[in-house]
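Secondary and tertiary structure notes
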Amino acid sequence: MTTSKETRIGFIGGGNMARSLVGGLLQSGHTAAAIRISDPSPEALARLSELGDVEVGDDNGQVVATSDLLVLAVKPQAMRAVLEPLAPSLAQHRPLLVSIAAGLTTTALRHWAGALPLVRCMPNTPALVGAGMSVLYATADVDELGRERAETVLNTAGAVRWVEDEDLLDAVTAVSGSGPAYFFHLMEAMIAAGVGQGLDSTTSRELVLQTALGAARMALDSGVDPGKLREQVTSPGGTTAAALAVFTEGDLLGLTDRAVAAAAARSVALARELEQNDD
Ligand SMILES: NC(=O)c1ccc[n+]([C@@H]2O[C@H](COP(=O)([O-])OP(=O)(O)OC[C@H]3O[C@@H](n4cnc5c(N)ncnc54)[C@H](OP(=O)(O)O)[C@@H]3O)[C@@H](O)[C@H]2O)c1
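Residues numbered from 1 in each chain as written. Predicted model: local features only at pLDDT ≥ 70, side-chain atom pairs only at ≥ 80, totals over all residues.

1. Topic: the overall build of the chain
A tally of regular secondary structure across the chain gives twelve helices and eight strands. Overall size of the chain, expressed as C-alpha extent along the three principal axes, is 70 × 40 × 35 Å. Counting over 279 residues, the chain shows a buried share of 32%. Across the chain, every contact between residues at least 6 apart in sequence was considered, and the portion connecting residues at least 24 apart equals 66%. (Helix = DSSP H or I, 4+ residues; strand = E, 2+ residues; numbered from the N terminus. Buried ≥ 20, exposed ≤ 12 C-beta atoms within 10 Å, placed from the backbone. Contact = placed C-beta atoms within 7 Å.)

This is the structure in structure tokens:
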């Protein structure tokens, strides 16, 4: 186990996110034999086996015993019931834990799993198509190699960034975690508006989606601030300026600020609810 490529990676839970990460790991050259997944659902395991010759089964303990890095990929509500029975085996084998469960704090996770080095990750749905934004937080006992290994796994699903303050994950949830839905909502609105201007819905959809992709790619590739890009494409008295004036009149900035604040507050409340179930 000298390189991160050779890290034995285990997954507890073989649903959508695990499948996406396993697919990404295989595509990036990780050896299939170094990946194992447990899940109670034979259908989930069959879908995982289609990705490559990975080890699949329904024995979580077996995966714990044979993994250097263990991705916790079950639903947040299922996590406590999954971790508590595994605690003795986790204490014995001490894999690096990587939780991708939304809202579960490192305190709650370590309460159930034991005080192991833990990386908490907030991915988002585009991870399913390799274009995710994952934000990671590590407990103080995760060393450089542990960070590198966690990053190797999440990198296969898109971009990765670290935060050093766990509380910031509520803001992260409100921006990148829930963010895809904000963009989908804007797309819906623009498609409907295009139809309102006489386009057929197929054409309007194509125009909107390709424009969203192009705008994101321009902002990412150029590194130019989106506000600057907006100015660059807005001629005084032109069509874009006419539309932006309406957005300003409707206080798009204030509205967005309130929406993101509401998501962050809900993230805090949900984490509390999940922890209150931990009696
Ligand atoms: N999907 C996303 O875009 C996204 C984004 C951010 C964060 N996340 C987080 O990623 C995690 C996984 O999400 P997902 O979308 O992949 O969910 P999912 O498709 O429901 O996958 C979870 C899998 O865990 C299995 N499972 C349930 N109990 C288990 C147990 N005791 N031992 C082993 N496996 C068990 C489930 O099997 P059954 O179906 O048979 O119960 C299911 O196949 C969640 O915690 C979620 O918060 C997901």
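2. Concerning the domain arrangement of the chain
Segmenting the chain into domains produces domain 1 (4–164) and domain 2 (177–267). The C-alpha-based centres of domain 1 and domain 2 are spaced at 34 Å. With six residues of domain 1 in contact, the opposing surface of domain 2 contributes four residues. Partitioning the side of domain 1 that touches domain 2 into residue classes produces three nonpolar, three polar and no charged. (Domains from an automatic or database assignment. Nonpolar A, V, L, I, M, F, W, Y, C, P; charged D, E, K, R; others polar.)

3. Description of the site of the ligand
As a structural note, the neighbourhood of the ligand is formed by 27 residues, with Gly13, Gly15, Met17, Ala101 and Ala102 the closest of them. Residues belonging to the shell around the ligand are distributed by class as follows: 16 nonpolar, nine polar and two charged. (Near = placed C-beta within 6 Å.)

4. Digging into helix α6 (residues 144–155)
In this model α6 runs 16 Å from its N-terminal to its C-terminal C-alpha over twelve residues, within 8% of the 16 Å that 1.5 Å per residue would give. Of all the residues in α6, the buried ones are Gly146, Arg149, Ala150, Val153 and Leu154. Projected down its long axis, α6 carries its buried residues within an arc of 130 degrees, all on one side. Turned more than 90 degrees away from the buried face of α6 sit Glu144 and Glu148, all of them exposed. (Expected span 1.5 Å × (residues − 1). Arc of directions from axis to C-beta.)

5. Section: the pairing of strand β6 (residues 118–122)
The side chains of a regular strand alternate, first on one face of the sheet and then on the other. The buried fraction of β6 is high, at five of five residues. Residues Leu118, Arg120 and Met122 point to one face of β6 and Val119 and Cys121 to the other, with burial holding for every one of them. By the bridge criterion, three bridges tie strand β5 (residues 96–99) to β6 in an arrangement that is parallel. Opposite Leu97, over in β6, you have Leu118 as the bridge partner. What joins β5 to β6 is helix α5 (residues 106–113), and the crossover it makes is right-handed. Relative to strand β7 (residues 132–138), β6 runs antiparallel, the two being bridged by four bridges. (Pairing = 2+ DSSP bridges. Right-handed = clockwise from strand over helix to strand, strands pointing away.)

6. Digging into the nonpolar core
Among the nonpolar cores identified, the biggest contains 52 residues, and Val22, Val71, Leu72, Ala73, Val98, Val119 and Val153 are the most heavily contacted of them. Excluding residues that lie within four positions of it along the chain, Val119 makes contacts with Leu96, Leu97, Val98, Leu136, Ala138, Val142 and Ala150. (Core = buried A, V, L, I, M, F, W, Y, C linked by C-beta atoms within 7 Å.)

7. Let's talk about unusual backbone geometry
Phi at Arg94 takes a positive value of approximately 45 degrees, unusual for a residue other than glycine. Residue position: Arg94 is located in the loop between α4 (76–93) and β5. Of the residues examined, Arg94 has 14 C-beta atoms within 10 Å and is grouped as partly exposed. In this structure, Asp251 takes a positive phi of about 55 degrees despite not being glycine.

8. Concerning the sheet that holds strand β1 (residues 9–12)
Ordered by their spatial adjacency, eight strands build an open sheet running β3-β2-β1-β4-β5-β6-β7-β8, and the pairing between neighbours is mixed. Looking along the sheet, the strands with just one partner apiece sit at the ends: β3 (55–57) and β8 (158–162). Strand-to-strand, the axes of this sheet are offset by a mean angle of 20 degrees, without reference to chain direction. The sheet strands contacting α5 are β5 and β6, and the helix crosses β6 at an angle near 135 degrees. (Axes fitted to C-alpha atoms, helices over the stretch in contact; angles between N-to-C directions.)

9. Quick look at the pairing of β7
In terms of burial, β7 is largely enclosed, as seven of its seven residues are buried. Sheet topology places β7 next to β8; five bridges connect them, and they run parallel. Bridge pairing in β8 places Met133 opposite Ala159. For the crossover from β7 across α6 to β8, the handedness is right-handed.

10. What to know about the packing of helix α8 (residues 179–196) against helix α9 (residues 201–222)
Packing of α8 against α9 brings their axes to within 9 Å, and their N-to-C directions diverge by 140 degrees. With respect to their mutual orientation, α8 and α9 come out oblique. Where α8 crosses over α9, the handedness of that crossing is right-handed. Contact residues: α8 offers Phe183, Met187, Met190, Ile191, Gly194 and Val195, while α9 offers Ser201, Ser204, Arg205, Leu207, Val208, Leu209 and Ala212. Of the residues contributing to the contact of α8 with α9, the split by class is nine nonpolar, three polar and one charged. (Parallel < 35°, antiparallel > 145°, perpendicular 65-115°, else oblique. Left-handed = near helix turned anticlockwise from the far one by under 90°.)

11. Focus on helix α7 (residues 168–177)
Counting buried residues in α7 gives seven out of ten residues, a clear majority hidden from the surface. Along α7, the residues classified as buried are Leu169, Asp170, Val172, Thr173, Ala174, Ser176 and Gly177. Looking at the packing, one finds that the buried side of α7 touches β6, β7, α8 and α12 (252–276).

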